[in-house]
Amino acid sequence: MCGIIGAIGYPNAADALLQGLRRLEYRGYDSAGIAVSTKTGFDVRRAVGKLNALAEVISTSPLKGNTGIGHTRWATHGGVKIENAHPILAQDRVAVVHNGIIENHRTLRKSLEAKGCKFTSDTDTEVLAHLFVDAMDNTDNLHDATAKVLGQIEGAYAFVIMTTDYPDQLAIARQASPLAVGLTDEAIFVGSDAIAMGDVTQKIIFLKDGDYGTISHDHVHLSDSDGQTVNREVVVVAASPGLVSKEGYHHFMEKEIHEQPDAVLHTLSAMTDSNGGFHLPQFIDFTKLTAMAYLAAGTSFHAGLIGRYWMEQLADLPVVTEIASEFRYRHPSLRQISLALGISQSGESLDTLMALRYMAEKGVNTAALVNVDTSTMARESGLHLITRAGPEIGVASTKSYMAQMTVLLILAVVAGHQRGIIPDQRRQEIEAMLSSLPRLLGESMACSDTIKPMVARLAKAKSCLYLGRGTLYPLALEGALKLKELSYIHAEGYAGGEMKHGPIALIEEGLPVVAILADDEHLGKMISNVVEAKARGADILLVATDSAARQVVEESPELAEMVVTVPDCDPLLAPLLLSLPIQFLAYFTAVHKGTDVDQPRNLAKSVTVE
Ligand code: G6P
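Please read all numbers here as calculations on a predicted model, not as lab measurements. (Residues numbered from 1 in each chain as written. Predicted model: local features only at pLDDT ≥ 70, side-chain atom pairs only at ≥ 80, totals over all residues. Heavy atoms only, no water.)

Caption draft 1: Local environment of the overall build of the protein. On a plain count of helices and strands, the protein comes out with 21 helices and 25 strands. Since a compact globule built from 610 residues should have a radius of gyration of about 25 Å, the 25 Å found for the protein is in line with a globular shape. For the protein, the residues scored as buried account for 61% of the 610 residues in total. In the protein, once contacts between residues fewer than 6 apart in sequence are set aside, the share between residues at least 24 apart is 72%. Entry remark: accessible area of the protein is about 23000 Å², with carbon and sulfur atoms responsible for 48%. Within the protein, the 72 negative side-chain charges are centred at a point lying 3 Å from the centre of the 52 positive side-chain charges. (Helix = DSSP H or I, 4+ residues; strand = E, 2+ residues; numbered from the N terminus. Rg over C-alpha atoms; globule rule 2.2 N^0.38 Å. Buried < 20%, exposed > 50% of the residue type's maximum accessible area, 1.4 Å probe, protein only. Contact = heavy atoms within 4.5 Å. Areas by Shrake-Rupley, 256 points an atom, 1.4 Å probe, with all protein chains shown as cover. Lys, Arg positive; Asp, Glu negative; His and termini not counted. Charge placed at Lys NZ, Arg CZ, Asp CG, Glu CD.)

Here it is, written out as structure tokens:
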């Protein structure tokens, strides 16, 4: 979940590396560094903090050279300090950039220290650097030295190694963490993903797990995990957009919230035939499925929870939606599950990837719903569904979450129709309804004006509860997650009916409770839950569709301190439309508090460690 990049044979490599790191900053932003190879060794610049700190260091003290490696870090082993920033060096012979975790690093470190190695950082990465020094002393080429090191390490990793012993080569390896090689006429690049190299090339080789090798300015030599030389296919990826700009918005998140009508429109168009009917890019025979598993993390998990309600309700197909990091470790009974769907914006979250691989090993068909079509999950899954949200830069997911929900609803409708649960007419109704979703989302943006003046109170809160029922319960979880991650206010999401079983004890005078309501079968019960909270002193903030809000006000005029509404819609669309005020609430609260909205502390956009 760090970003790594390397270049060999490229004039002014440091400029290209820095540009590549900008495209990788979504993977981590605790510290960054670049090293280039010089006639006498390495020239290294590192800086703690966001990439601009490194850019500043380099602008006052430029780097010259045509071979180099770079890194943007999300700390795992070792705190956020300059000593732990990559590239990490050993004996001025090896420089390493590494993503992932070397799980046996403690044992290795002890034995290396016993041999006299001096460590200068707390990182697991430094072990790699010293192992390379040792391996180069005991082999006669860099390829064999790499194989020797790989025989000693365990874990999930991708790395690029630069050495003074072999200045015309870089050593590379991938195990569970992503790594790709980019080919140009004059030079060869390597990076965590194709996007990192988007400024210089579209010709990409995606390494497979266990692959390792060496690259020079005009040659790639790869071996697989058995040590056999392999030729991996060169893929021409779609032009990756230049560095995405904020286009006048204050933050990427704000821009991405506003891009949601488009994200849905593009996603829908890719899944709609000329008659306006839904079609999936690849056929899934839902009549043959006995049950599905939706596996995901973070916000994608919340989309999966909502998708489960739809699939069960519209297609009578059982779904388990699980946090990917827990799934395989609880040794689940898989007898009924005939298709596992990984849901992931990046297509790289290691927890989700490993859960999908676990399912594939157990003989379950796997599919991936991703926003990055060149991602590992897309490439590894038999079936893939793409959300067309476009690059999402803000760490807190918004538009890809919206697009995920859109696809999950389409899946449920197609499944329900195939399984004879939804008649033609209902299917057409939902298709028509979904085609109006971009417009409805556009209209719902107006809620931001109501929300802005509300957030001053919320920003002062120490804690906050979000309540919802049905598909609005996962939205309550998502609302709480967004508030936590963006504005660092403690928040919990609960199913409205569950509140009386414990969380109600938390309610005291002035505790903000965000109640999410639609005009659906749960409305009456939700109103009662909100009344119970109000009776105990909570400040109620109502996030509701117009007619739900009207009914609350009619029934209990004094209930809510603040009300924000979106246009009326079928209950199926309610979690999509009501996501907007939920996102704005977290966004404006964070802006009010002055936190770093696009890059909240301790987080990363894509997490490729367990
Ligand atoms: C990280 C991000 C979250 C995201 C989660 C899953 O934790 O900070 O915003 O929801 O990963 O990411 P994915 O790319 O798999 O959807």
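Caption draft 2: How the structure looks around the pattern of salt bridges. In the structure shown here, the tally under the stated rule is 26 salt bridges. Lys 482 serves as the salt-bridge partner of Glu 478, at 2.7 Å between the closest nitrogen and oxygen. Residue Glu 478 and its partner Lys 482 are located together in helix 17 (residues 472-487), separated by four residues, close to a single helical turn. Residue classification places Lys 482 among the buried positions, given a relative accessible area of 0%. Ionic pairing is found between Glu 485 and Lys 482, a salt bridge with its closest N-O pair at 3.3 Å. (Salt bridge = Lys/Arg side-chain N within 4 Å of Asp/Glu carboxyl O.)

Caption draft 3: Structural detail: the site of the ligand. With respect to spatial proximity, the complete set of residues near the ligand consists of Ala 297, Gly 298, Thr 299, Ser 300, Ser 344, Gln 345, Ser 346, Ser 349, Val 395, Ala 604, Lys 605 and Val 607. Interatomic distance of 2.7 Å between a backbone N/O atom of Gln 345 and an oxygen atom of the ligand. Within the side chain of Ser 349, an N or O atom sits 2.5 Å from an oxygen atom of the ligand. Look at the ligand: alone it shows 390 Å² of surface, and the protein chains cover 89% of it. The element contributing the most residues to the shell around the ligand is helix 8 (residues 298-315), with three residues. Looking at side-chain class alone, the shell around the ligand contains four nonpolar, seven polar and one charged residues. (Near = heavy atom within 4 Å. Polar contact = N/O pair within 3.5 Å; in protein donor to acceptor, adjacent residues only side chain to side chain. Nonpolar A, V, L, I, M, F, W, Y, C, P; charged D, E, K, R; others polar.)

Caption draft 4: View of helix 10 (residues 350-361). Over its twelve residues, helix 10 extends 16 Å from the first C-alpha to the last, a length consistent with the 16 Å expected when each residue adds 1.5 Å. Extensive coverage of helix 10 is indicated by the burial of ten of its twelve residues. Along helix 10, the positions that sit buried rather than exposed are Leu 350, Asp 351, Thr 352, Leu 353, Met 354, Ala 355, Leu 356, Arg 357, Tyr 358 and Met 359. Positive backbone phi, at 85°, marks Gly 363, one or two positions downstream of helix 10. (Expected span 1.5 Å × (residues − 1).)

Caption draft 5: The arrangement of the packing of helix 8 against helix 12 (residues 399-418) in detail. The interhelical angle for the contact between helix 8 and helix 12, taken along N-to-C directions, is 20°, at an axis separation of 9 Å. Overall, the two elements helix 8 and helix 12 adopt an arrangement that is roughly parallel. The two elements helix 8 and helix 12 cross, and the hand of that crossing is right-handed. In this structure, helix 8 contributes Thr 299, Ser 300, His 302, Ala 303, Gly 304, Ile 306, Gly 307, Trp 310, Met 311, Leu 314 and Ala 315 to the contact, and helix 12 contributes Tyr 401, Gln 404, Met 405, Leu 408, Leu 409, Leu 411, Ala 412, Val 413, Ala 415 and Gly 416. (Axes fitted to C-alpha atoms, helices over the stretch in contact; angles between N-to-C directions. Parallel < 35°, antiparallel > 145°, perpendicular 65-115°, else oblique. Left-handed = near helix turned anticlockwise from the far one by under 90°.)

Caption draft 6: Fine view of the packing of aromatic side chains. Scanning the entire structure with this criterion turns up six aromatic pairs. For the pair Phe 132 and Phe 159, a centre-to-centre distance of 5.8 Å together with 80° between the ring planes defines the contact as edge-to-face. Of this pair, Phe 132 sits in helix 4 (residues 125-137) while Phe 159 sits in strand 7 (residues 155-163), and the two are 27 residues apart along the sequence. Residue class for Phe 132 comes out buried when judged on its relative accessible area of 0%. Ring geometry for Phe 327 and Tyr 358: centres 6.3 Å apart, planes at 90°, overall edge-to-face. In this pair, Phe 327 is assigned in helix 9 (residues 324-327) and Tyr 358 in helix 10, connecting sequence segments 31 residues apart. Taking relative accessible area as the criterion, Phe 327 reaches 0% and is therefore assigned buried. Site record: aromatic cluster; members linked through ring pairs are Phe 132, Tyr 157 and Phe 159. The ring of Phe 206 is capped by Arg 379, whose NZ or CZ atom sits 3.9 Å from the centre of that ring. (Phe/Tyr/Trp six-rings, centres within 6.5 Å; stacked < 30°, edge-to-face > 60°. Lys NZ or Arg CZ within 6 Å of the ring centre and 35° of its normal.)

Caption draft 7: Inspection of the environment of Ala 156 at higher detail. One can find Ala 156 in strand 7. Ala 156 sits in the buried class, given a relative accessible area of 11%. Separated by 51 residues in sequence, Ala 156 and Leu 207 have C-alpha atoms that sit 14 Å apart. With residues up to four places along the chain from it excluded, the contact list for Ala 156 reads Asn 99, Gly 100, Ile 101, Gln 175, Ala 176, Ser 177 and Leu 350.

Caption draft 8: How the structure looks around the pairing of strand 10 (residues 188-191). By the alternation rule, side chains of strand 10 split into Ile 188 and Val 190 and Phe 189 and Gly 191, which are all buried. Of the strand pairs in this sheet, strand 9 (residues 180-183) and strand 10 are connected by four bridges, and their pairing is antiparallel. Paired with Ala 180 across the two strands is Gly 191, which belongs to strand 10. Linking strand 9 back to strand 10 in an antiparallel pair, the connection comprises four residues. (Pairing = 2+ DSSP bridges.)

Caption draft 9: Representation of the nonpolar core in the model. By size, the foremost hydrophobic cluster in this structure holds 91 residues, and its most contacted members are Phe 286, Met 292, Trp 310, Met 311, Leu 341, Leu 411 and Tyr 466. Broken down by element, the residue count for this core peaks at twelve residues, all from helix 12. Both domains that furnish three or more residues to this core are identified here as domain 2 (258-435) and domain 3 (445-593). Apart from residues lying up to four places away in sequence, Met 292 is in contact with Phe 286, Met 311, Leu 317, Pro 318, Val 319, Val 320, Ile 337, Leu 339 and Leu 341. Of all hydrophobic cores here, the second largest spans 29 residues; its members include Ala 13, Ala 55, Ala 194 and Phe 206. (Core = buried A, V, L, I, M, F, W, Y, C linked by side-chain atoms within 4.5 Å. Domains from an automatic or database assignment.)

Caption draft 10: Broad picture of the sheet that holds strand 24 (residues 539-545). Sheet architecture is open: five strands sit in the order 22-21-23-24-25, paired in parallel fashion. Each edge of the sheet is formed by a strand with only one pairing partner; in this case those strands are strand 22 (490-495) and strand 25 (562-566). When the angles between neighbouring strand axes are averaged without regard to direction, this sheet yields 15°. Bridge count for strand 23 (residues 512-517) against strand 24 is six bridges, and the pairing is parallel. In the strand pairing of strand 24, Ile 516 is matched with Val 543.

Caption draft 11: Layout of the sheet that holds strand 16 (residues 292-296). Taken together, five strands build an open sheet; the order of strands is 17-16-18-19-20 and the sheet is parallel. Looking at which strands have only one partner, the edges of the open sheet turn out to be strand 17 (319-323) and strand 20 (383-386). With direction set aside, neighbouring strand axes in the sheet form an average angle of 20°. Across the sheet, helix 8 is in contact with strand 16, strand 17 and strand 18 (339-344); its angle to strand 17 comes to roughly 170°.

Caption draft 12: Fine view of unusual backbone geometry. The peptide bond linking His 86 to Pro 87 adopts the cis configuration, its omega dihedral lying at -5°. Within the secondary structure layout, Pro 87 lies in the loop between strand 4 (67-73) and strand 5 (88-90). Unlike most non-glycine residues, Asp 92 shows phi in positive territory, near 55°. The topology assignment puts Asp 92 in the loop between strand 5 and strand 6 (94-102). On the basis of relative accessible area, Asp 92 is assigned to the exposed category, the value being 55%. With phi around 50°, Asp 316 is a residue other than glycine that occupies positive phi space. Considering the arrangement of structural elements, one finds Asp 316 in the loop between helix 8 and strand 17.

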